Amino acid sequence: MSQENSENKNLETVVYEPEIREKKSISFVWILPLIVFIVLSWIAYESYSKKGTNITVIFKSAEGLKEGVTPLEYRGLELGKVTKIDINDLNSFKVNILVKSSVVKYVASEGSKFWIKKPTVSLTKISGLSTILSGNKIEVVPSFNMQEEKIKEKYKFIGLDSKPDYDLDAKGYYVSILSTRADLVEVETPIFFNKYQIGEIVAKEFKDENVYLKAYIYDRYNDLVNESSSFVMNKALKVSFGAGGLSLELSSLYSALVGGITVQTPENNAKKMSKDEYYILYEDENDLLKRTFINIKFKDAQGIGKNTSIMYKGIEVGKIKELHLGEDDVIAKAYVYENYDYLLTNKSRLILEEVQVGLDGIKNLGTVVSGNFISIDYKKGEPSYFFEISKSDKKELLSEDFLITFYSENLNSISTKSKIYFKNIEIGEVVDYSLTNDFKKVKIRALIKRKYKKLVNDKTLFYYMSSKLVELENLNLNINNIGLRPLLDGAISLVDVKRNEKLTKKSFNLYSSYKDVESIKRLQTEGFYIDAYFDNSFVLKEGEAINYKNQEIGFVKSIKFNDKNSKVKMFIYSKYKKYITKNSRFYKKSVVKLDASLSGILFELDNFSSFINGSINLDNSSKRSYKKYQVFASEDSMVNSSNTISIIFDDVEGVKTEFSKLKYKGVDVGKVTDISLVSKNRVLVKVQVFKDIKKFTKKGTLFYLKKPKISLNEIKNVGSSIMPVDIGVITSKNKNIATSFEGADSLEDVKKSENGVILKVVSLHPSSVNVDAPIYYKNVEIGKVNKVDLSFDGSKVLLDCLIYDKYKHFVRIDSTFHDISGFKFKFSIFGSTEIQTNTFTSLLKGGLMVITPYDYHDIASSKDKFILKKELMENWETISPSIKIRD
């Protein structure tokens, strides 16, 4: 028992007192989720606040637009982006644009205008090239540009087809122009002053049946346009047709393609034009002339209409402006240019000229195409501004004529209806005809009008005007162009030989053709004979005319044939004896001459007589003396005998005989006369120098082909892309003479040998560098790559680099060349994205960068070689040694 009690004592209960601690309100476990929640809330708020507002724009075409890519821009600042593109209907597309919230109040409001910006390439301007790589953009003119006090919200818009008239520079010189025709002018149409562009049309708006234009005048030409200026449309082609024939007036190729507006400014000191005042755009220069208005009364206005011409001596002096129908007649309101208002007198008559068709031909042929016209029969008197029209009056015949007699071998088609003509003017008529008493000849009597009696004298010659339209005999062609009536009725023509001779006889021989008369006429002229020689490579005929400066000075009397050189006997009229000298040469004149360039096409046709019979021309331009006279096959052959140089090229593609020119400072100084293939597959070009041949035949003279070059850097010799390639020349100061030269393929090839040093650069890695790739020093172009080739084993790329003379001291033997071709792109998920590139040219062609260290040595020469580094070193821009030409 006692033992049991002792065990109970040992098992006494122990009670521990609890430790009381203060519990925290938030557990540490919740801190991280709270931070995540705060960040997400901030991101959500930022996303919501920057999300922006959706607007819809309807365009006729969605070409070039891309969802999530195409930006909405204002002056290069991105205001939003296209999010969705849907079809609105068969003729339009609905484009959804998310606009940044910061600019919504400006963009999504009434007055905002939208249009699609595309690249524009024309003869006058290149714009929007950035869209070539990035695609088209949507441009907007926000409503804050519109001067409105209250702006209403708007979320759906209709897109414009083109750029609107907006936000004109307040400091710019703008001129408002009004036109009545919408098809005459477009935006970017150039404005010219003396054929030089001084501005352009920047905006066009059509309303109220008028076209309102806004023109911008470039700052440096502001003084050329003022309140006295007038604006006239350029006309690429002017066509007129009249009795004188068809007239075509073609402006320069540039104006023909581009069009444009010409400014005429008579007063230089006038005030500038106001931007708010509109000035008229005239369609023709004649619209600028001051006018005097008159009224014309017609009994019958048939054949008369608006713009019917009023003519005086073949010159247009006015026009009909409008017609009004009266009770018994027609009243026309017309005008005469102020310079010709002296023609408007009370004694002047207005005559309606109409086309007249009869047996003697067609009169007023021009009216068939241009319509009837009104001519003025002017007589001095008091001013008058009202006229009554009358028909053309027939000329009265004079009765006091005199009688002459002709004797002919044959009557041919002569009849009592036959007329006598002088220079195609009727001066008389046949009275009767009969056989002579011996029946050997025909006797023809004719009357000559009294007023033309002075044309007839003892030396006068008459010939029968053939009734044949075309006659070909012994390869001699005769063409009759005398009109219909002489062909049907027969006719006689008079040839005026000498005016001072007396008239003592009343009978004359009637020759069968003008050719017979010409022979007689020549024999009656005093002169002398000379002998000349030709090489039988062309044909000469007896009777061919010899001309000097378009004047006949003689003819070919006879030809004596020889196997090698034939002799021609020439008869020279005495009064031209002084022009035959020891320096004289002769050549067979070409019937047709054709020349073409960007300025137009020149087509020359020899006179009718020479076209039919041929002619020989006298030339006295040579400074050499000749022992005997010589006739050459052509003018070129003559000039080539003394004024020809030879140029050898590797390739002459585009060079054309007779069409390619030798150009010196833009002036034609010669032309290509022959092209032939010589040894080593090279090409020999013969060039005829027009004059001053000594200037172009000195040793060291350089010749090169002016081939077209079109690139993003430059456009050269663009005319050669559609016309034959010309040859350029750079003269030499060397005094030694040479007539054979080596030609270069281009001006750049000439500069290779003249204006720089060639350095060898070796690339151990593939490179994008091409020929003509630029070489830079501190981002300034100092040369270019002339040649790219591979080493013999193909392990290296060899570059010939031309360093221009003025920069060659920057390249030293310890300089380094670096490849900057194309662009480098580095992308990192956690780091930054980096794009490195140089100029746009090096992106396309490739390029090299030269770096010269601070511790540099001798100037590099063509004997030195350089290894091309693959990349630029870091901080290369900071390397900037001061380099002297001589160290």
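Being a predicted model, the structure only gives us computed values, none of them experimental.

Before going further, it helps to examine the overall build of the chain. If you tally the helices and strands in the chain, you get 12 helices and 63 strands. Within the chain, buried positions represent 36% of all 887 residues. Contacts spanning at least 24 positions in sequence make up 69% of the contacts within the chain whose residues lie at least 6 apart. Entry remark: accessible area of the chain is about 55800 Å², with carbon and sulfur atoms responsible for 52%.

Let us look at the pattern of salt bridges. Pairing between side chains of opposite charge can happen when their charged atoms approach one another. The final tally for this structure, using the stated rule, is 18 salt bridges. Across the pair R682 and D650 runs a salt bridge, and its minimum N-O distance is 3.0 Å. With R682 in strand β49 (residues 682-689) and D650 in the loop between β46 (644-649) and β47 (661-664), this pair connects stretches of sequence that are 32 residues apart. Two residues, E742 and R682, come together in a salt bridge whose shortest N-O distance is 2.8 Å. With E742 in strand β54 (residues 740-744) and R682 in strand β49, this pair connects stretches of sequence that are 60 residues apart. Overall, E742 belongs to the partly exposed group, its relative accessible area being 48%. What emerges from the salt-bridge pattern is a single network uniting D650, R682 and E742.

Counting buried positions along strand β13 (residues 210-217) yields 6 of 8 residues, so the element is predominantly enclosed. Sheet analysis places strand β12 (residues 196-207) next to β13, joined by 8 bridges and oriented antiparallel. Note that in β13 the partner of G199 across the bridge is I217. If you look at the hairpin formed by β12 and β13, you'll find 2 residues sitting between the two strands, and D208 has a positive phi there, around 55 degrees.

On to the confidence of the model for the chain, then. Per-residue confidence for the chain averages 79 on the pLDDT scale, and 76% of its residues sit at or above 70. Contacts for the low-pLDDT stretch residues 357-361, under 50 throughout, to residues beyond four places or in other chains number 10 contacts. In this model residues 596-603 is a low-confidence stretch, pLDDT under 50, and it forms 17 contacts with partners more than four residues away in sequence or in other chains.

Let us now look at the sheet that holds strand β62 (residues 848-851). Strand order around the closed barrel formed by 7 strands is β55-β58-β57-β56-β62-β59-β63, with mixed pairing between neighbours. Geometrically, the sheet is characterised by an average inter-axis angle of 35 degrees between neighbouring strands, direction not taken into account. Judged from the 4 bridges that link them, strand β59 (residues 816-819) and β62 form a sheet pairing that is antiparallel. Within β62, the residue paired with F817 across the bridge is V850.

Moving on, we come to the nonpolar core. Most often, soluble globular proteins have nonpolar side chains that are buried together. If you look at the biggest cluster of nonpolar residues, it comprises 23 residues, and the most contacted ones within it are L759, I775, I782, V811, F817 and L848. Those elements that place two or more of their residues in this core are β55 (756-763), β56 (774-777), β57 (780-790), β58 (797-804), β62 and β63 (865-869). Looking at this core element by element, the count peaks at 4 residues for β58.

This part is about the environment of K272. Within the element layout of this structure, K272 appears in the loop between β17 (261-264) and β18 (278-282). K272 gets classed as partly exposed once you look at its relative accessible area, which sits at 49%. Excluding its chain neighbours within four sequence positions, the residues that come into contact with K272 are Y173, N222, N226 and E227.

We now examine a nonpolar patch on the surface. On the surface, I31, L32, I35, V36, V39, L40, W42 and I43 cluster together to form a nonpolar patch covering roughly 790 Å² of accessible area. By the element assignment, I35 lies in helix α2 (residues 31-51). Classification of I35 by relative accessible area gives partly exposed; the value is 46%.

Next up on the list: the pairing of β12. Note: strand β11 (residues 190-193) against β12, 4 bridges, orientation antiparallel. Within the sheet, the bridge partner assigned to F192 lies in β12 and is Q197. Linking β11 to β12, which pair antiparallel, is a turn of 2 residues; within it N194 sits at a positive phi near 55 degrees.

This part is about the environment of I782. Along the chain, I782 turns up in strand β57. In this structure, the C-alpha to C-alpha distance between I782 and K806, residues 24 residues apart in sequence, is 8.2 Å. Not counting residues up to four positions away in its chain, the partners in contact with I782 are I775, Y776, Y777, L802, I803, Y804, Y807, V811 and V850.

With that settled, consider the environment of V263. Mapped onto the fold, V263 is located in strand β17. For V263, a relative accessible area of 3% puts it in the buried group. Separated by 18 residues in sequence, V263 and L281 place their C-alpha atoms 9.9 Å apart. Once residues within four sequence positions are removed from consideration, V263 is found in contact with I191, F192, F193, I198, L224, V225, S229, S230 and F231.

What follows concerns helix α8 (residues 514-523). Three- or four-residue spacings in an α-helix give side chains the same orientation, since the helix completes a turn every 3.6 residues. Considered for burial, the residues of α8 that qualify are V517, E518 and R522. Looking straight down α8, one finds that the buried residues subtend no more than 135 degrees of arc, so they occupy a single side. On its buried face, α8 sits against β32 (461-465), β35 (491-495), β36 (507-511), β38 (545-548), β39 (551-560) and β40 (566-573).

Turning next to the packing of aromatic side chains. According to the stated counting rule, one finds 25 aromatic pairs in the structure shown. Considering the side-chain rings of Y196 and Y221, the 6.0 Å spacing of their centres and the 70 degrees angle between planes classify their relative orientation as edge-to-face. Here the residue Y196 occupies a position in strand β12, and Y221 occupies one in the loop between β13 and β14 (230-233), the gap between them amounting to 25 residues. Here the aromatic rings of F293 and Y335 are separated by 6.0 Å at their centres, their planes lie at 65 degrees, and the arrangement is edge-to-face. One end of the pair, F293, is in strand β19 (residues 291-298); the other, Y335, is in strand β22 (residues 330-337), with 42 residues separating them in the sequence. On the basis of relative accessible area, F293 is assigned to the partly exposed category, the value being 38%. Owing to a relative accessible area of 5%, Y335 belongs among the buried residues under this scheme. Taking NZ or CZ as reference, R291 lies 4.1 Å from the ring centre of Y335, over its face.

The next point concerns the sheet that holds β47. Spatially, 7 strands are ordered β46-β49-β48-β47-β53-β50-β54 in a closed barrel, and the strand pairing comes out mixed. On average, each strand axis in the sheet is tilted by 35 degrees relative to the strand beside it, whichever way the strands run. Of the strand pairs in this sheet, β46 and β54 are connected by 3 bridges, and their pairing is parallel. Bridging across to β54, I648 finds its partner in E742.

Here we come to unusual backbone geometry. Phi at N550 is positive, roughly 65 degrees, even though this residue is not glycine. Topologically, N550 is positioned in the loop between β38 and β39. Phi is positive for K665, which is not a glycine, with a value near 55 degrees. For K665, the location among the structural elements is in the loop between β47 and β48 (667-678).

Its location among the elements puts S418 in the loop between β28 (402-408) and β29 (419-422). One polar contact links the side chain of S418 to the main-chain carbonyl oxygen of G490, over a distance of 3.3 Å.

Within the element layout of this structure, S384 appears in the loop between β26 (373-377) and β27 (386-391). Setting aside its immediate chain neighbours within four residues, S384 contacts L344, T345 and N346.

What counts, and where the lines are drawn
- Residues numbered from 1 in each chain as written.
- Predicted model: local features only at pLDDT ≥ 70, side-chain atom pairs only at ≥ 80, totals over all residues.
- Heavy atoms only, no water.
- Helix = DSSP H or I, 4+ residues; strand = E, 2+ residues; numbered from the N terminus.
- Buried < 20%, exposed > 50% of the residue type's maximum accessible area, 1.4 Å probe, protein only.
- Contact = heavy atoms within 4.5 Å.
- Areas by Shrake-Rupley, 256 points an atom, 1.4 Å probe, with all protein chains shown as cover.
- Salt bridge = Lys/Arg side-chain N within 4 Å of Asp/Glu carboxyl O.
- Pairing = 2+ DSSP bridges.
- pLDDT = per-residue confidence, 0-100.
- Axes fitted to C-alpha atoms, helices over the stretch in contact; angles between N-to-C directions.
- Core = buried A, V, L, I, M, F, W, Y, C linked by side-chain atoms within 4.5 Å.
- Patch = residues over 30% accessible without salt bridge, like charges linked within 9 Å, V, L, I, M, F, W, Y side chains within 5 Å.
- Arc of directions from axis to C-beta.
- Phe/Tyr/Trp six-rings, centres within 6.5 Å; stacked < 30°, edge-to-face > 60°.
- Lys NZ or Arg CZ within 6 Å of the ring centre and 35° of its normal.
- Polar contact = N/O pair within 3.5 Å; in protein donor to acceptor, adjacent residues only side chain to side chain.

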